[in-house]
Amino acid sequence: YRAYVEAIVFAWPGASGGMLRVLYLRSRLASLGSSACISPGFQVAGADTIYIGRDFSCARGCSLFADGGGHLTVGDRVALNANVSLNAAIGGAIRIGSHVLIGPGVLMRATNHAFSRTDVPIWQQGHVPGKIEIADDVWIGGHATILDGAVIGKGAIVAAGAVVTGVVPAYAIVGGVPAR
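What you are looking at is a predicted structure, and each value in this text was computed from that prediction instead of being measured. (Residues numbered from 1 in each chain as written. Predicted model: local features only at pLDDT ≥ 70, side-chain atom pairs only at ≥ 80, totals over all residues. Heavy atoms only, no water.)

Asker: Help me out: how do you make sense of the overall build of the chain in this one?
Answerer: Summing up its helical and strand segments, the chain has 2 helices and 22 strands in all. Relative to a compact globule of 180 residues, whose C-alpha radius of gyration would be 16 Å, the chain shows 16 Å and is just as compact. Look at the contacts in the chain between residues 6 or more apart in sequence, and 17% of them connect residues 24 or more apart. Just so you have it, the chain exposes about 8800 Å², and 61% of that area is on carbon and sulfur atoms. Taken together, the 13 basic and 10 acidic charged side chains of the chain have centroids lying 4 Å from each other. (Helix = DSSP H or I, 4+ residues; strand = E, 2+ residues; numbered from the N terminus. Rg over C-alpha atoms; globule rule 2.2 N^0.38 Å. Contact = heavy atoms within 4.5 Å. Areas by Shrake-Rupley, 256 points an atom, 1.4 Å probe, with all protein chains shown as cover. Lys, Arg positive; Asp, Glu negative; His and termini not counted. Charge placed at Lys NZ, Arg CZ, Asp CG, Glu CD.)

Written out as structure tokens, the structure is:
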């Protein structure tokens, strides 16, 4: 039943669809602050462990996943551009501070596949939960990838297409694969 409701609510066009999505998500998410704006094509899993602050905006096609024991926390005044995926599923954790801008096509994935055994196929080895932390006042450029272990300091800028796997100091500007 829920899948049918969400298919309609998350696809409804126009301002009425935006209001409908916000009302629906306020009943599903652990929290959703005031003045939210959520465009069509939204996806959510593990809604009861997703916490979102005030003035949240999410462009078309964004997905938030925290199912399987994951945890996702988003601060105030966070803007997700189109097709952003925040994936804390399967025991992962993502914490995003306030006043953060996230460009189109950004992927954050806090959990990795286990792969230590050579006698068992990777797909059968399960997952290793991880954590991503993003401080306040961060700008992440389009199509960047933020992976388990990433800690992005206050005021940092991550260039478009960068892959972040470690620590980005406060007010640093990083780019590349891996980001430096």
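Asker: How do you make sense of the packing of aromatic side chains when you look at a structure like this?
Answerer: Any pair of aromatic rings gets described here by the distance separating the centres and the angle formed by the planes. The full count for this structure, using the stated rule, is 2 aromatic pairs. Here Phe10 and Tyr24 contribute two aromatic rings whose centre-to-centre distance is 5.9 Å and whose plane-to-plane angle is 75°, an arrangement assigned as edge-to-face. Of this pair, Phe10 sits in the loop between helix 1 (2-9) and helix 2 (14-28) while Tyr24 sits in helix 2, placing them 14 residues apart in sequence. What makes Tyr24 buried here is its relative accessible area of 15%. Judged by centre distance (5.4 Å) and plane angle (75°), the rings of Phe10 and Phe42 are edge-to-face. Of this pair, Phe10 sits in the loop between helix 1 and helix 2 while Phe42 sits in the loop between strand 2 (37-38) and strand 3 (43-45), and the two are 32 residues apart along the sequence. When sorted by exposure, Phe10 lands in the same class as Phe42, which is buried. (Phe/Tyr/Trp six-rings, centres within 6.5 Å; stacked < 30°, edge-to-face > 60°. Buried < 20%, exposed > 50% of the residue type's maximum accessible area, 1.4 Å probe, protein only.)

Asker: Can you walk me through the nonpolar core in this structure?
Answerer: Buried together is how nonpolar side chains tend to be arranged in soluble globular proteins. If you look at the biggest cluster of nonpolar residues, it comprises 48 residues, and the most contacted ones within it are Leu80, Leu86, Ile96, Met108, Ile140, Ile146 and Ile152. When contributions to this core are tallied by element, the ones reaching two or more residues are helix 2, strand 4 (50-52), strand 7 (71-74), strand 10 (93-96) and strand 15 (131-134). Tallying contributions element by element places helix 2 first for this core, with 3 residues. (Core = buried A, V, L, I, M, F, W, Y, C linked by side-chain atoms within 4.5 Å.)

Any functional reading would require information beyond the geometric quantities listed.
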